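Secondary and tertiary structure notes
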Amino acid sequence: MVKSTSKDAQDLFRSLHSAYSATPTNLKIIDMYVVFAVFTALIQVAYMALVGSFPFNSFLSGVLSCVGTAVLAVCLRIQVNKENKEFKDLAPERAFADFVLCNLVLHLVIINFLG
């Protein structure tokens, strides 16, 4: 059985960093938005664990809003990525319009869920 060493982990992180540095800027911005949305959801879960979840609808709405927005942003990233040949005929403006419309519908549903 082969043992993994810290050198293997360092090589892995170097290769990931070099591959990610070639990523276009607009995809990096979308990635940061996804990280922000997931981080916000984690903060809300930690707050609920520490303080309590008295208005449970509010907690669910907040977390589902963050997770739903992150999922829609990942879909936007897939559609805008030039290396993805599946959406080559889709204009980036159309993908962004779909993202905005779906976010609008998502948040209208969440506001309706709040009561």
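The name given to the protein chain in an unreviewed UniProt entry is Dolichyl-diphosphooligosaccharide--protein glycosyltransferase subunit DAD1, with the source organism recorded as Brassica carinata. Annotation of the protein chain in UniProt includes, under Pathway (unreviewed entry), the sentence "Protein modification; protein glycosylation." In its Sequence similarities (unreviewed entry) section, the UniProt entry covering the protein chain states "Belongs to the DAD/OST2 family."

It is worth spelling out the packing of aromatic side chains at this point. Inspection of every chain in the model, using the stated rule, returns 3 aromatic pairs. With a centroid separation of 6.4 Å and 85° between ring planes, the pair formed by Tyr33 and Phe99 is classed as edge-to-face. Residue Tyr33 is located in helix α2 (residues 25–51), and its partner Phe99 is located in helix α4 (residues 92–114); the two are separated by 66 residues in the primary sequence. Judged by its relative accessible area of 13%, Phe99 is buried. When the ring of Phe56 is compared with that of Phe59, the centres are 5.7 Å apart and the planes differ by 40°; the resulting orientation is tilted. One end of the pair, Phe56, and the other, Phe59, are both in helix α3 (residues 56–80), 3 residues apart, so they sit about a helical turn from each other. The structure contains a cluster of three or more aromatic residues connected by ring pairs, namely Tyr33, Phe96 and Phe99.

Time to look at α2. With 27 residues, α2 ought to run about 39 Å at 1.5 Å a step, and its terminal C-alpha atoms sit 39 Å apart, in line with that. Looking only at α2, the buried set comprises Leu27, Ile30, Asp31, Val34, Ala37 and Ala41. For α2, the secondary structure elements touched by its buried residues are α1 (6–21) and α3. Among the residues trailing α2, Gly52 stands out with phi positive, at a value near 125°.

Right, let's get into the pattern of salt bridges. Working definition: two side chains of opposite charge can pair if their charged atoms are close together. Applying the stated rule across the entire model yields 4 salt bridges. Here Asp11 ties to Arg14 by a salt bridge, and the two come within 3.1 Å at their closest N and O atoms. Taken together, the positions of Asp11 and Arg14, both in helix α1 and 3 residues apart, correspond to about one turn of that helix. When its relative accessible area of 52% is taken as the criterion, Arg14 is described as exposed. Arg94 is the salt-bridge partner of Asp98, the closest N and O atoms lying 3.3 Å from each other. Highlighted residues: Asp98 and Arg94, both in helix α4, separated by 4 residues, approximately one helical turn.

All right, on to the nonpolar core then. Within the largest apolar cluster, 11 residues are counted, these being Leu27, Ile30, Val34, Ala37, Ala70, Leu72, Ala73, Leu76, Val80, Ala95 and Phe99. Of all the elements in the fold, those that place two or more residues in this core are α2, α3 and α4. The leading source of residues in this core is α3, at 5 residues.

Rules of the game
- Residues numbered from 1 in each chain as written.
- Predicted model: local features only at pLDDT ≥ 70, side-chain atom pairs only at ≥ 80, totals over all residues.
- Heavy atoms only, no water.
- UniProt positions renumbered as here; feature names shortened; annotations may be inferred.
- Phe/Tyr/Trp six-rings, centres within 6.5 Å; stacked < 30°, edge-to-face > 60°.
- Helix = DSSP H or I, 4+ residues; strand = E, 2+ residues; numbered from the N terminus.
- Buried < 20%, exposed > 50% of the residue type's maximum accessible area, 1.4 Å probe, protein only.
- Expected span 1.5 Å × (residues − 1).
- Contact = heavy atoms within 4.5 Å.
- Salt bridge = Lys/Arg side-chain N within 4 Å of Asp/Glu carboxyl O.
- Core = buried A, V, L, I, M, F, W, Y, C linked by side-chain atoms within 4.5 Å.

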